[in-house]
Every structure is written in C-alpha cells, then in structure tokens.
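# A look at the structure
Each chain, written out:
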Amino acid sequence: MNLDEFVNSHAPTETGQTFELENSKLLDVDLDGSVMAKAGSMAGYTGDISFERKSSGGLTGMLKKKATGEGAVMMQATGTGHLYLADQGKEVQILELDADDEISVNGNDVLAFEESIDWDIKMLSSIAGASSGGLFNVFLRGPGHVAITTHGKPLVVPTPVSTDPNATVAWSSDVSPSSKRDVSIKSVLGRSSGETYQLHFAEEGGFVVIQPYEERGPGQ
C-alpha cells in the first residue's frame with residue numbers, strides 16, 4: 001500500500017468509549033480526568049497528560065515494593081487526550097465491573113483501570129510457600145472498566161480447578177487459592193518444574209482465568 005493508504009488504514013478509531021481496543025494488543029483510553037495504568041505501559045498519547053507513580057496501601061505498599069518490586073506497579077495518568085497502552089505484545093482484555101464485582105489479578109497482568117475502581121495490592125498468604133510470581137495480586141472492585149493482559153487468548157475455567165501459578169492470570173473474588181505441591185511430578189522429572197506447585201481453587205461457583213503461557217518471575 002502507498003503511504004496515504006498506510007496512514008488511513010492504521011489511524012485511530014473513535015467510538016466514544018473510555019476504554020477501546022485499537023487492535024487486540026493496544027488499548028486506547030479516551031482520557032478526561034485520571035486513570036490508573038501499569039508503569040511503563042504508555043506507548044504514546046495525544047493532548048495534555050501527566051504521569052505519576054502510585055503505591056497502594058501506604059506504608060504497606062512501600063514495604064511490598066521493597067520486597068517484591070510490585071508495590072508501585074501502577075502509575076496515574078491525569079489530563080485530557082488519548083492514552084495508548086500496551087504491554088510486551090500481550091493481548092488486552094477489557095472487563096466491565098459492576099459495583100458488587102471484585103476480581104483478583106496477577107500484578108503483572110493489570111494494564112489499566114478507571115479511577116472509580118477501588119484497588120489494593122495484597123499478599124496471598126495462603127500460597128506464600130509456592131514458588132510463583134503471583135504472591136502479590138491486585139484486588140479490583142467496581143464499578144468501572146478494567147483492562148488486563150494475557151499471552152494469547154485466555155480460558156475462563158469454572159471452579160473447583162487446579163492451575164499452574166505461572167499460567168494463572170486472575171480469579172473471581174468468591175474463591176481463594178491454596179498451594180498444592182505435587183511431589184510425584186518432581187520425582188518423575190528429577191528436578192523442580194512449573195507443575196511442582198499448583199494453585200488449588202476448591203470452592204464452587206467461581207472462575208479462574210488462565211493463559212496458554214507460563215509467565216516467569218525474577219529468578220525463575
């Protein structure tokens with residue numbers, strides 16, 4: 001295609017929605033106020049927008065940042081314009097939460113959420129012994145829109161279910177995982193593997209979001 005065709009065919013779309021996808025891997029936030037976004041996810045913006053790093057939970061958030069690097073995973077974007085967000089070519093999923101909806105998302109998989117969303121970073125003490133990068137999750141409560149990222153197309157599995165911690169993206173607030181160690185797998189392989197520790201969601205009626213990819217944390 002010639003240059004004009006290229007420019008026209010890849011120009012941003014205007015839908016009037018606050019959160020919209022320009023493509024499956026790029027989120028367009030029509031900003032007039034503030035939005036929370038993953039630090040480092042800004043691909044570009046138009047208009048007048050400023051950015052400030054944010055920690056959740058005050059001193060607790062600062063301690064989590066020191067211990068895990070996840071205490072300040074978010075930044076606040078404030079102003080007017082279009083903010084374009086992406087994260088390492090991962091697929092973007094937009095969720096609309098009602099006032100009574102809450103979801104827990106792996107800190108590495110939160111891309112953005114509206115200012116109306118109540119959020120906190122919490123340590124999952126029930127799986128503190130598991131060797132996963134998801135010990136600290138972001139808990140998000142509506143109302144408002146949330147954008148999360150996945151490697152490939154996600155699968156939403158009803159509980160009860162057991163999952164690989166490195167493939168687990170999010171789960172509903174009505175379930176809570178415990179760690180399950182599969183010694184037999186380690187024995188068969190003769191070394192530690194991603195399947196040695198599993199997340200076990202025993203409650204019925206919830207859901208877990210998994211991706212076709214094992215996301216490795218530092219040192220894994």
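Throughout what follows, the structure given in this document is the object of discussion. For clarity, every value in this text was computed on a predicted model and none was experimentally measured.

Thresholds, definitions, all that
Residues numbered from 1 in each chain as written. Predicted model: local features only at pLDDT ≥ 70, side-chain atom pairs only at ≥ 80, totals over all residues. Heavy atoms only, no water. Helix = DSSP H or I, 4+ residues; strand = E, 2+ residues; numbered from the N terminus. Buried < 20%, exposed > 50% of the residue type's maximum accessible area, 1.4 Å probe, protein only. Contact = heavy atoms within 4.5 Å. Areas by Shrake-Rupley, 256 points an atom, 1.4 Å probe, with all protein chains shown as cover. Phe/Tyr/Trp six-rings, centres within 6.5 Å; stacked < 30°, edge-to-face > 60°. Polar contact = N/O pair within 3.5 Å; in protein donor to acceptor, adjacent residues only side chain to side chain.

### A few points about the overall build of the chain
Within the chain, the regular secondary structure consists of three helices and 17 strands. A total of 220 residues make up the chain; the buried ones form 44% of that total. For the chain, restricting intrachain contacts to residue pairs at least 6 apart in sequence, the fraction spanning at least 24 positions comes to 77%. Only carbon and sulfur atoms are counted for the fraction: they give 52% of the accessible area of the chain, which is about 11,200 Å².

### Considering the packing of aromatic side chains
Applying the stated criterion to the full structure yields three aromatic pairs. Taking the centre distance of 5.4 Å and the plane angle of 65 degrees together, the rings of Y45 and F51 count as edge-to-face. Among the residues examined, F51 registers a relative accessible area of 31% and is labelled partly exposed. Between the aromatic rings of F113 and W119, the centroid separation amounts to 5.7 Å while the plane-to-plane angle is 55 degrees, which identifies the pairing as tilted. As far as the burial class goes, F113 and W119 line up, both buried.

### Here's the deal with the side chain of T150
Following the sequence through the fold, T150 ends up in strand β11 (residues 144–150). Residue T150 is classed as buried on the basis of its relative accessible area of 0%. Looking at T150, its side chain comes within polar contact range of the main-chain oxygen of G152, at 2.7 Å. Other than its neighbours up to four places away in sequence, T150 contacts K90, E91, Q93, V169 and Q211.

### Focus on unusual backbone geometry
For the bond from G142 to P143, the omega torsion is 15 degrees, close enough to zero to count as cis. Locating P143 in the fold gives a position in the loop between β10 (136–141) and β11. With an omega of 10 degrees, the peptide bond running from T159 to P160 counts as cis. One can find P160 in the loop between β12 (155–158) and β13 (161–163). A positive phi angle is found at Q88, which is not glycine, with a value near 55 degrees. Checked against the element boundaries, Q88 lands in the loop between β5 (74–85) and β6 (91–97). Overall, the relative accessible area of 72% leaves Q88 in the exposed class.

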